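# Tertiary structure, described
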Amino acid sequence: MRARRTVAALFLTASLALAGCSGADAGSAQDDTSAAKSAAGDAKGGGYQADESASGARNAPQKRPVSLAPAHIIRTAELDVEVKDATKALAAARRTAENAGGHVAGETTERIDDAHVSSHVVLRVPQEKYDAVLAELAGVGKLLSRKADAKDVTDQVVDVESRIATQRASVNRVRVLMDRADKLSDVVTLERQLSSRQAELESLLAQQAALRDRTTLATITLSLSENEDKGRRAEDDGPGFLDALGGGWHALVTAALWIGIAIAAVAPWVAAFALLYAVWRWVVRPRLPKRPTQETPQPAPLPVHGPGQD
């Protein structure tokens, strides 16, 4: 009985050991199969996701570049140029502005002395031709000074446009209310409001027009002065023959003029004295009584002594 129990225990132990080994192998195989399936699924899913991402990238709308609002800039410049002939240079500056599509806004010309002229002109030219016109004007002579300025007023332009839109909407609302108003008092009040808002709208429109003009056309102030070296050289050389001849002729003309002025001043007196003398000589004197003439006694002749007489 003990031998049987021992054999049975050994058989049971061996069976359990074999069952555990087979179960471990089966579990290991199942785990390996599950891992393989999971890896395959992940690979398939990853490929699907990659395909989906690629498809989404193809179907997604392309981003457009963001367009920036145009800048509004006020450009001004001041040029001081020395030229040989200010009149010709001024005419050339006018032609340059007109060829660029601009115009002359103001002009002042004055004569400094008998030989020199100075001009001051304000030109308005389009913004796109500003640099070219500025370079051309600076090249008409010797550039003495140049000052350029650019002021960005984009914020101001946008603010004015926004206020104009708001004010127009406000005016339209007041007009709608006026159409619906029944009472006279309401109509009067609304008309007052409409007039006030319309005036403010017109003021904003004027500001917008001024900004548009200043940002569309650039302002160039050009000062032209003539070279004074030629006159200085002539003064340093001293007077020449022609200068002496001109001075003598000028002195002769001046003396003749003063003599003529003196004669003209004395002529009335001479005429008056001549008239008085004529009246006295031919009118008054013949009527005066004649005075008796007294005979002058003749001296007695001296006696003549002959020879031998004392």
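Okay, so let's go over this structure.

The rules behind each value
Residues numbered from 1 in each chain as written. Predicted model: local features only at pLDDT ≥ 70, side-chain atom pairs only at ≥ 80, totals over all residues. Heavy atoms only, no water. Helix = DSSP H or I, 4+ residues; strand = E, 2+ residues; numbered from the N terminus. Expected span 1.5 Å × (residues − 1). Bend = angle between axes of the 7 residues up to and from the residue. Patch = residues over 30% accessible without salt bridge, like charges linked within 9 Å, V, L, I, M, F, W, Y side chains within 5 Å. Areas by Shrake-Rupley, 256 points an atom, 1.4 Å probe, with all protein chains shown as cover. Salt bridge = Lys/Arg side-chain N within 4 Å of Asp/Glu carboxyl O. Buried < 20%, exposed > 50% of the residue type's maximum accessible area, 1.4 Å probe, protein only.

### Digging into helix α7 (residues 241–284)
When the terminal C-alpha atoms of α7 are compared, their 61 Å separation across 44 residues agrees well with the 64 Å that a helix rising 1.5 Å per residue should span. The sharpest bend along α7 comes to roughly 35°, located at Val 266, with the proline Pro 268 sitting one to four residues further on.

### Brief notes about a nonpolar patch on the surface
There is a patch of nonpolar side chains on the surface, built from Leu 275, Tyr 277, Val 279, Trp 280, Trp 282, Val 283, Val 284 and Leu 288 and spanning about 830 Å² of accessible area. Tracing the backbone shows Val 283 in helix α7.

### Structural notes on the pattern of salt bridges
With the rule as written, the count across this model stands at three salt bridges. Here Arg 94 and Glu 107 are joined by a salt bridge, their closest N and O atoms 2.8 Å apart. Of this pair, Arg 94 sits in helix α2 (residues 86–99) while Glu 107 sits in strand β2 (residues 103–111), and the two are 13 residues apart along the sequence. Looking at Glu 107, the relative accessible area reads 38%, which means it is partly exposed. With a closest N to O distance of 3.9 Å, Arg 163 and Asp 159 form a salt bridge. Taken together, the positions of Arg 163 and Asp 159, both in helix α4 (residues 154–180) and four residues apart, correspond to about one turn of that helix. Classification of Asp 159 by relative accessible area gives partly exposed; the value is 39%.

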